[in-house]
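Next come the chains, spelled out residue by residue.
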Amino acid sequence: MSLRMLSSLSAILAIILIIAHPYNQALAMLGRRLAGTATDDATTANTEPASGICAAAEIMHGYKCQEYDVTTADGYILSLQRFPEGKNGGGGMNKQPVLLQHGVLVDGMTWLLNSADQSLALILADNGYDVWISNTRGTRFSRRHVSLDPSNPDFWDWTWDELVAHDLPASIDFVFKLTGQKIHYVGHSMGTLVALTSFSKGKQVDKVKSAALLSPIAYLSHMTTALGVLAARSFVGEITTIFGFAEFNPKGEPVANFLKVLCLDPKVDCFDLITALTGKNCCLNTSTVDLFLKNEPQSTSTKNLVHLAQTVRDRRLAKYDYGSANFNAEHYGDSQPPVYNLANIPHDLPLFLSYGGQDSLSDVKDVENLLDNLKLHDVDKINIQYIKDFAHADFIMGTTAKDIVYNQIMAFFKRHN
């Protein structure tokens, strides 16, 4: 393997590992099977048992949980979970819906890694919210399509552009229609990138009441991890010669073999991978970290990872670059891919942004660049929280996240309810 190709592979792997948080695979002990399924136009969940996060996660024991399916405009069938009430009931009518969006290479289990009193989804449910969790295409319970099978490379012909254009609008529209209310949105890491770019295009903003963005990702040129630096300096095209433009399966042999090579690099500390990839997290529970380290991430498309690496390399937020002026012109009518202009986000859309001083992915300088794009936002519609000691994983797994972040999110929601 050439040094240039190794560098290219390092770039991709850096992106996927840093942005992602391994999902909780403690699925052997099943919780109460309170799940059902529903179609796009259903008004209630069925009572038939279904496989999914509701049925699989023991952490949900004691919470009413429902499974729904929603089909995107391009045919992907996404899994959504709903917690309509807290552990002690109190469902009622017209509860305020909240939609939680995870990052890349994980699914909705991201929001349920900790105990019930420390997991955002269940905290919100216990505080009277109608909580929804979305799962993007290609993840464990969203590996479905109206006509394509995951074994078909065409199933994986997408990037986060399609999440902006199809997945996020489909999930938001589904919850909006089913509840009859505008939603509050919460995204972490990649879930913030998809939201920011979608809002900049005016998609679904008429159905969103506010958005809370944790470890916001938009610009990635100041990453401070050793792997991030490799990504920023590397050419990304050669990745497809190894993995192809199809599924990128972190559990597959090619990736496993490459991980062994990567761990030989003296700059990469595979014995403390969380710190090496996300920054020095202050407040992680040992048992949660054990689950984090024992479980592998999920599949995404190789094309999606190339697009993420382009975002680092090109130092701009743009649609996927097809690599030649002719190919770009064929797709976009221009030799260069269109840029996402975050200044176009409606200035009266309430935004809550929380970022950490120790975050090696959502670096302070990159967040400042993002905030500069939002400088014309209505001052009474934007809340910014800086947490000096927090790193990337603290926002979803930190033992102090409830007191420092989640309570602030709920107060923000109440102000913009």
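Structure shown above.
Predicted model only: the values in this text are computed from it and were never measured.

About the thresholds
Residue numbers run consecutively from 1 along every chain, following the written order of its sequence. Totals for whole chains, interfaces and linings use every residue, but because this is a predicted model, local features are given only for residues with pLDDT of at least 70 and side-chain atom pairs only at 80 or more, for both listing and counting. Based on all heavy atoms of the structure, the side-chain values leave hydrogens and waters out of the count. Secondary structure elements follow DSSP: runs of H or I no shorter than four residues count as helices, runs of E no shorter than two count as strands, and numbering proceeds from the N terminus. In this scheme, a residue with accessible area under 20% of its type's maximum is buried, one over 50% is exposed, and one in between is partly exposed, where area comes from a 1.4 Å probe on protein chains only. Shrake-Rupley sampling with a 1.4 Å probe provides the accessible areas, and residues are treated as covered by the protein chains on show and by no other component. Whether two strands pair depends on DSSP finding at least two bridges between them. Note on definitions: salt bridges are taken to be side-chain nitrogens of Lys or Arg within 4 Å of carboxyl oxygens of Asp or Glu.

(A) Region of the structure containing the overall build of the chain. Scanning the chain from N- to C-terminus turns up 15 helices and 11 strands. Out of the 417 residues belonging to the chain, those deemed buried represent 58%. Total accessible area on the chain stands at roughly 16,500 Å², and carbon and sulfur atoms take up 49% of it.

(B) A look at the pairing of strand β1 (residues 66-71). Bridge analysis of β1 against strand β2 (residues 76-83) gives 6 bridges, and the strand direction is antiparallel. When the bridges of β2 are listed, tyrosine 68 appears paired with leucine 80. With antiparallel pairing between neighbouring strands as the criterion, β1 and β2 make up a hairpin whose turn holds 4 residues, including glycine 75 at a positive phi of roughly 95 degrees.

(C) Representation of unusual backbone geometry within the structure. Here serine 189, not a glycine, exhibits a phi torsion of approximately 55 degrees, which is positive. Positive phi values are uncommon outside glycine, yet glutamine 204 reaches one of about 65 degrees. By the secondary structure assignment, glutamine 204 is in the loop between α5 (190-200) and β7 (208-214). Given a relative accessible area of 15%, glutamine 204 falls into the buried group.

(D) Fine view of the pattern of salt bridges. Scanning all chains against the criterion turns up 11 salt bridges. Note that arginine 137 is salt-bridged to aspartate 74, the shortest N-O span being 2.9 Å. Linking arginine 137 in the loop between β4 (130-134) and β5 (144-145) with aspartate 74 in the loop between β1 and β2, this pair joins segments that are 63 residues apart in sequence. Ionic pairing is found between lysine 375 and aspartate 372, a salt bridge with its closest N-O pair at 3.9 Å. The class for lysine 375 is exposed, based on a relative accessible area of 60%. Of the residues examined, aspartate 372 reaches a relative accessible area of 43% and is grouped as partly exposed.

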